[in-house]
Amino acid sequence: MSFEIAVARRLGSAQIALDLRAGPGLTALFGPSGAGKTSILNMVAGLLRPDRGRIAVAGETLFDSAAGIDCPPERRRAGYVFQDARLFPHRRVRDNLLYGWRLAAPAHRWMTLDEATGFLGIAPLLDRWPRTLSGGEAQRVAIGRALLSGPRFLLMDEPLAALDMPRRAEIMAVIARIRDELGLPILYVSHDRAEVDRLASQVVTLG
Amino acid sequence: MTPEEWEIIALSLKVSGVAVLLTLPVAFALAWLLARGRFPGKLLLDALVHLPLVLPPVVTGWLLLLAFGPHGPAGRLLADWFGVTLLFRWPGAALAAAIMALPLMVRAMRLSIEAVDRRLEQAARTLGASPAHVLRTVSLPLAMPGLIAGAVLGFARSIGEFGATITFVSNVPGETRTIPLAIYSALQVPGQESAVTRLALIAVLLSLAALVASEWLARRTGAGRGGHVL
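Residues numbered from 1 in each chain as written. Chains lettered and ligands numbered in written order. Predicted model: local features only at pLDDT ≥ 70, side-chain atom pairs only at ≥ 80, totals over all residues. Heavy atoms only, no water.

### Some points on the overall build of chain A
Note the cut-off: Put simply, DSSP H or I for four residues or longer makes a helix, DSSP E for two residues or longer makes a strand, and each gets a number counted from the N terminus. The globule rule is 2.2 Å times the number of residues to the power 0.38, and the radius of gyration it is compared with is taken over C-alpha atoms. Residue exposure (1.4 Å probe, protein chains only): buried if accessible area is under 20% of the type maximum, exposed if over 50%, otherwise partly exposed. The contact criterion used throughout is that any non-hydrogen atoms of two residues lie within 4.5 Å. The sign given to each residue is positive for Lys and Arg and negative for Asp and Glu; His and the chain ends receive no count. One atom stands in for each charge, and that atom is NZ of Lys, CZ of Arg, CG of Asp or CD of Glu.
Counting secondary structure elements, chain A contains six helices and ten strands. Its C-alpha atoms give chain A a radius of gyration of 16 Å, within 12% of the compact-globule value 17 Å for 207 residues. Counting only C-alpha atoms, chain A reaches 45 × 35 × 30 Å along its principal axes. Expressed as a percentage of the 207 residues in chain A, the buried residues total 57%. Here the contacts in chain A between residues at least 6 apart in sequence split such that 70% fall between residues at least 24 apart. Between the averaged position of the 27 positive side-chain charges in chain A and that of its 22 negative side-chain charges there is a distance of 3 Å.

Shown next, in the form of structure tokens:
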């Protein structure tokens, strides 16, 4: 199993609960806005603590309330791609890309800067500041930054939502290639049916 | 400019410089606590930090005198353990300036810390950064223009400090007579108008220089994303 997630968490008046077992490939969490999809990703990343439950990815337990396991986010090796790219505004593209790469243990790195920029077509952007990038460019850099941190799995939170139509198709092709060529398990949040149909190996509906 | 006036300027710079360096880590810690912390008594701490801003400076000076005077608890401690007394001495002036500058520094720093996008910090965590590394590589650089603004504001406030200083450590030439105290002294003596003018001009120039320097520093640290102090 790639993802084994059984969690519950109260957020304000809403109760988020999910029981999911997903195989390899891209697993889409599909559902309307406000169904708690992003909260699920945050729990898997370690940014939000479930009230109870268990989270394991590729056989490794990241959280288990019964066993008292709660691995901090920096040790979960999650490649998280946010809806808004969240590039560091005070670092050029190159330093954004290398932020996680420099922190990763050499044995955990499986991509070089050259490979990432080639794969994503962002070599010409390396010396730019994030604020000068278009939405599509910023999202490519954010994906590259996540891949370069040597992740064991990817979390993607509506990575196409902030983009216009042509850019969407472009980034969707990139994600399809990540799914097929890199073989990383991906947990992908979306509320767009077409996106999910095109990308998902497995769909879990929420809400 | 007479040698005495140069000495006054040097003393002012020393007192204010030491005051700001002393306050910087304390102000940052307090600003961080007030911006990010959630604990009982936060409102009280906030009020205490701001007290020197709203108290008459002479009262702050008197409270310092009570605490650090020869019979005050802090004063006795310093005397017994380190053989140090602050009264009538320049470190006392620096302490008075530091206390008076603290609220301004904390305010500026707190605002800049609150403006740091915590979602960027989260992104850094998922990329493998420990909380300490996030602080060093994301939070601090993003808050830097505000931290510099706070330090400069504190420095300018220290240069101008008068009431608490004269109450706490008096007006001793060469020891606690900083620019404002020297101007005050000169005003008490007929025929010192030119000295007053010179010292007042120096005060204006120092304040302007601090502001320009801070703007320049903020531009440098904010390179590429346009950070401003002014």
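### Things to note about the pattern of salt bridges
For clarity, the cut-off: One speaks of a salt bridge when a side-chain nitrogen belonging to Lys or Arg is within 4 Å of a carboxyl oxygen belonging to Asp or Glu.
Enumeration over the complete set of coordinates arrives at 26 salt bridges over all chains. A salt bridge links Arg36 of chain B to Glu121 of chain B; the nearest nitrogen and oxygen atoms lie 3.0 Å apart. Residue Arg36 of chain B is located in helix H1 (residues 3-36), and its partner Glu121 of chain B is located in helix H6 (residues 118-126); the two are separated by 85 residues in the primary sequence. With a shortest N-O distance of 3.2 Å, Arg110 of chain B and Glu114 of chain B are connected by a salt bridge. Of this pair, Arg110 of chain B and Glu114 of chain B both sit in helix H5 (residues 90-114), four residues apart, which is roughly one turn of the helix. Judged by relative accessible area, Arg110 of chain B falls into the buried class, the value being 19%. A single network of salt bridges, built from pairs that share partners, joins Glu4, Arg21, Arg54 and Asp64 of chain A.

### Some remarks on the layout of surface pockets
All names here are of chain B. Inclusion rule: A cavity here means a set of 1 Å grid points, computed over protein atoms only, where a 1.4 Å probe fits but cannot escape. A pocket is an open set with protein on both sides within 12 Å along at least 5 of 7 lines, and lining residues have an atom within 4 Å of a point. Grid points are joined across faces, edges and corners, and a volume is the space filled by probe spheres set on the points. Only Asp, Glu, Lys and Arg are considered charged in this grouping, and only Ala, Val, Leu, Ile, Met, Phe, Trp, Tyr, Cys and Pro are considered nonpolar; every other residue, Gly among them, is considered polar.
Put simply, the largest pocket is a space of about 290 Å³. Arg118, Glu121, Gln122, Arg125 and Val134 are the residues nearest the centre of the largest pocket, which is lined by 13 residues in total. Residue assignment for the lining of the largest pocket shows that the elements contributing at least two residues are H1, H6 and helix H7 (131-160). Counted by class, the lining of the largest pocket contains six nonpolar, three polar and four charged residues.

### Points about the interface of chain B and chain A
Selection criterion: Computed with a 1.4 Å rolling probe, the buried area is the accessible surface lost when two parts are put together, summed over both parts.
Across the contact, 21 residues belong to chain B and 23 residues belong to chain A. For the pairing of chain B and chain A, the buried interface totals around 1,900 Å² over both sides, and the portion due to carbon and sulfur atoms is 62%. Our count for the chain B to chain A interface comes out at two salt bridges. Its salt-bridge partner being Asp84 of chain A, residue Arg119 of chain B comes within 2.6 Å of it at the nearest N-O pair.

### Details of the pairing of strand E5 (residues 60-64) of chain A
Residue and element names in this part refer to chain A. Formally: In this scheme, strands are said to pair when DSSP sees at least two bridges between them.
Here strand E4 (residues 52-57) runs beside E5; their pairing, made up of four bridges, is antiparallel. Bridge pairing links Val57 to Glu60 in E5. Hairpin connection between E4 and E5: a loop of two residues separates the two successive antiparallel strands, and Ala58 in this loop has a positive phi of roughly 50 degrees. Hairpin connection of E5 to strand E6 (residues 69-70): four residues between the antiparallel strands, including Gly68 at a positive phi of 70 degrees.

### What about the sheet that holds strand E2 (residues 14-22) of chain A?
Residue and element names in this part refer to chain A. Convention followed: Between N-to-C directions, angles cover 0 to 180 degrees, with each direction set by a line fitted to C-alpha atoms, over the stretch in contact for helices.
Judged by pairing direction, the sheet is antiparallel, and its five strands sit side by side in the order E2-E1-E4-E5-E6 without closing on themselves. Looking at which strands have only one partner, the edges of the open sheet turn out to be E2 and E6. With six bridges joining them, strand E1 (residues 3-11) and E4 adopt antiparallel strand pairing. Bridging across to E4, Val7 finds its partner in Gly53. Across the face of the sheet, helix H1 (residues 37-45) comes into contact with E1, E2, E4 and E5 while running at roughly 115 degrees to E1.

### What to know about the packing of aromatic side chains
Residue and element names in this part refer to chain A. Defined as follows: When the centres of two rings from Phe, Tyr and Trp lie within 6.5 Å, Trp using its six-membered ring, the rings pair. Their planes under 30 degrees apart give stacked, over 60 give edge-to-face, and anything left gives tilted. Criterion for a charge above a ring: Lys NZ or Arg CZ within 6 Å of the ring centre, and within 35 degrees of the ring normal.
Counted by the stated rule, this structure contains six aromatic pairs over all chains. Stacked on the ring of Trp101, the Lys or Arg Arg109 has its end atom at 3.8 Å from the ring centre. Sitting above the plane of the Phe119 ring, Arg177 keeps its charged end 4.2 Å from the centroid.

### Here's the deal with the side chain of Glu158 of chain A
Residues and elements named next belong to chain A. We apply this condition: Pairs of N or O atoms are called polar contacts if they sit within 3.5 Å, as long as, within protein, a hydrogen donor faces a hydrogen acceptor (for residues adjacent in sequence, only side-chain-to-side-chain pairs).
Position of Glu158 among the secondary structure elements: in the loop between strand E8 (153-157) and helix H5 (165-182). The buried charged residue Glu158 lacks any salt bridge partner; its closest oppositely charged side chain belongs to Lys37, at an N-O distance of 4.1 Å. Of the polar contacts made by the side chain of Glu158, one reaches the side chain of His191; its length is 2.8 Å. Those residues in contact with Glu158, other than ones at most four positions away along the chain, are Lys37, Gln83, Val189, Ser190 and His191.

### Regarding empty space enclosed by the protein
Within this structure, the stated rule accounts for one cavity of 30 Å³ or more. For the largest cavity, the calculated volume is near 30 Å³. Every residue along the wall of the largest cavity is listed here: Tyr80, Phe82, Ala142, Arg145 and Ala146 of chain A together with Ala123, Thr126 and Leu127 of chain B. For the lining of the largest cavity, the secondary structure elements donating two or more residues are helix H4 (135-148) of chain A together with H6 of chain B. Sorting elements by how many residues they give to the lining of the largest cavity places H4 of chain A first, with three residues. A breakdown of the residues in the lining of the largest cavity according to their chemical character gives six nonpolar, one polar and one charged.

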